[in-house]
Amino acid sequence: MKISAPKFMTDWKTGVVTGPEVQGVERRVRDLDGVFADEGAFSQLRPDRLVYRTACVFPVPEGTEGGVFWGTTFIEPGTVGAEYFMTKGHFHAKADRMESYFTFAGTGLLVLMDTARNCWAEEMTPGSTHLIPPYTAHRTVNTGDDVFSFGACWPSDAGHDYDSIAESGFSARAMRVDGSPVLVPA
Ligand SMILES: O=P(O)(O)OC[C@H]1O[C@H](O)[C@H](O)[C@@H](O)[C@@H]1O
Ligand SMILES: [Fe+2]
């Protein structure tokens, strides 16, 4: 019987994923219009400045029932006014699908919101492990001065519902107040 080398490697310190067909998206300032509260501060940022990127493994086509996806998100340090750099955030298109997150490096917040728009957050630090409940929107925020990276594992049929967030946003925002993160009602 054959023993082979692993197909993929995840560097547990940085979150860098290597292997065949690791794919990612990059979200730059120009891709995040309307996401941050302070439009004046947003308009001062270079449009091509990187805010976050992903490196993911998709072993089956998106939408396949019963599969899982794996990947890392890297969020740059930065703020738009007092609001920390963060992901767009989403509900899952199949809204009952859960997801797990686990932190590799840096410090951040996982901001969660249920369908009644109740918002709460969990601190993310290296090793922290998070299980996102069904029917719960999720967004991650870099509250530190270094790159914040976390891994994710999620069902291949979960999909992303960005439209609900584009329409109504989250009901709270992670802001730097006196140098520390605070979840402020939006
Ligand atoms: O999709 P966003 O809200 O921009 O977040 C960026 C990414 O974060 C995690 O890695 C999720 O598991 C991905 O599904 C998501 O695409
Ligand atoms: Fe998700």
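The model shown is predicted, which means the values in this text are computed figures rather than measured ones.

**A short note on the coordination of the iron ion (ligand 2)**
Right, on to step 1. Note on the iron ion (ligand 2): its protein donors are His90 (NE2), His92 (NE2), Glu99 (OE) and His138 (NE2). The metal-donor distances range over 2.0 to 2.3 Å.
Right, on to step 2. Because the angles between the four donor atoms bound to the iron ion (ligand 2) fall within 85 to 160 degrees, the donor set is best described as irregular.
Right, on to step 3. The exposure class of His92 is buried, given its relative accessible area of 4%.
Right, on to step 4. Glu99 sits in the buried class, given a relative accessible area of 5%.

**As for the side chain of Thr54**
Right, on to step 1. Take Thr54: it is sitting in strand β4 (residues 50–57).
Right, on to step 2. Judged by relative accessible area, Thr54 falls into the buried class, the value being 16%.
Right, on to step 3. Ignoring any residue separated from it by four or fewer positions in sequence, one finds Thr54 in contact with Gln23, Gly24, Val25, Thr72 and Thr73.

**Quick word on the packing of aromatic side chains**
Right, on to step 1. Under the defined criterion, the tally for this structure stands at eleven aromatic pairs.
Right, on to step 2. Centre to centre, the rings of Phe36 and Phe85 are 6.3 Å apart; their planes meet at 50 degrees, and the pair counts as tilted. Taken together, the residues span a long stretch of sequence, with Phe36 in the loop between β3 (26–28) and α1 (39–43) and Phe85 in the loop between β7 (83–84) and β8 (99–105) at a distance of 49 residues. Judged on exposure class, the residue Phe36 and its partner Phe85 are both buried.
Right, on to step 3. Ring centres of Phe69 and Trp154 lie 5.8 Å apart, and the angle between their planes is 75 degrees; on these two criteria the pair is classed as edge-to-face. In this pair, Phe69 sits in strand β5 (residues 68–75) while Trp154 sits in strand β13 (residues 148–155), placing the two residues 85 residues apart along the sequence.
Right, on to step 4. Within the aromatic cluster, the residues linked to one another by ring pairs are Trp12, Trp70, Phe102 and Phe104.
Right, on to step 5. It is Arg53 that lies over the ring of Phe74; its NZ or CZ is 4.2 Å from the centre.
Right, on to step 6. Its end group placed over the ring of Tyr162, Lys88 keeps NZ or CZ at 4.5 Å from the ring centre.

**What to know about the UniProt feature "domain: Glucose-6-phosphate isomerase prokaryote" (unreviewed entry) in the protein chain**
Right, on to step 1. Using the residue numbers shown here, the UniProt feature "domain: Glucose-6-phosphate isomerase prokaryote" (unreviewed entry) corresponds to residues 27–169.
Right, on to step 2. Along residues 27–169, the helical share is 8% and the strand share 41%, with 18 Å between the first and last C-alpha atoms.

**Considerations on the site of ligand 1**
Right, on to step 1. Neighbouring ligand 1 are 14 residues; Tyr52, Thr73, Glu99, His160 and Tyr162 lie closest to it.
Right, on to step 2. Between ligand 1 and the protein, one listed contact pairs an oxygen atom with a side-chain N or O atom of Thr73 at 2.7 Å.
Right, on to step 3. Residue His90 places a side-chain N or O atom 2.9 Å away from an oxygen atom belonging to ligand 1.
Right, on to step 4. Isolated, ligand 1 exposes 370 Å² of accessible area, and the fraction of that covered by the protein chains is 96%.
Right, on to step 5. Listed by contribution, the elements that provide at least two residues to the shell around ligand 1 are β4, β8 and β13.
Right, on to step 6. Along the lines of polarity and charge, the residues of the shell around ligand 1 split into five nonpolar, six polar and three charged.

**Side note on the sheet that holds β4**
Through backbone hydrogen bonds, the strands of a sheet pair up, either in parallel or in antiparallel fashion.
Right, on to step 1. Taken in spatial order, the six strands of this open sheet run β3-β4-β5-β13-β8-β11, and their pairing is antiparallel. The open sheet has two free edges, formed respectively by β3 and β11 (129–132), since each of these has just one partner strand. Looking at each pair of strands side by side, their axes are set apart by 20 degrees on average, direction ignored.
Right, on to step 2. The sheet contact formed by β8 and β11 spans four bridges and is antiparallel. Of the residues in β11, the one forming a bridge with Tyr101 is His130.

Calculation rules
Residues numbered from 1 in each chain as written. Chains lettered and ligands numbered in written order. Predicted model: local features only at pLDDT ≥ 70, side-chain atom pairs only at ≥ 80, totals over all residues. Heavy atoms only, no water. Donors = N, O, S within 2.8 Å, 3.2 Å for Na, K, Ca; no water. Tetrahedral: all angles 85-135°; square planar, octahedral: opposite > 155°, others 65-115°. Buried < 20%, exposed > 50% of the residue type's maximum accessible area, 1.4 Å probe, protein only. Helix = DSSP H or I, 4+ residues; strand = E, 2+ residues; numbered from the N terminus. Contact = heavy atoms within 4.5 Å. Phe/Tyr/Trp six-rings, centres within 6.5 Å; stacked < 30°, edge-to-face > 60°. Lys NZ or Arg CZ within 6 Å of the ring centre and 35° of its normal. UniProt positions renumbered as here; feature names shortened; annotations may be inferred. Near = heavy atom within 4 Å. Polar contact = N/O pair within 3.5 Å; in protein donor to acceptor, adjacent residues only side chain to side chain. Areas by Shrake-Rupley, 256 points an atom, 1.4 Å probe, with all protein chains shown as cover. Nonpolar A, V, L, I, M, F, W, Y, C, P; charged D, E, K, R; others polar. Pairing = 2+ DSSP bridges. Axes fitted to C-alpha atoms, helices over the stretch in contact; angles between N-to-C directions.

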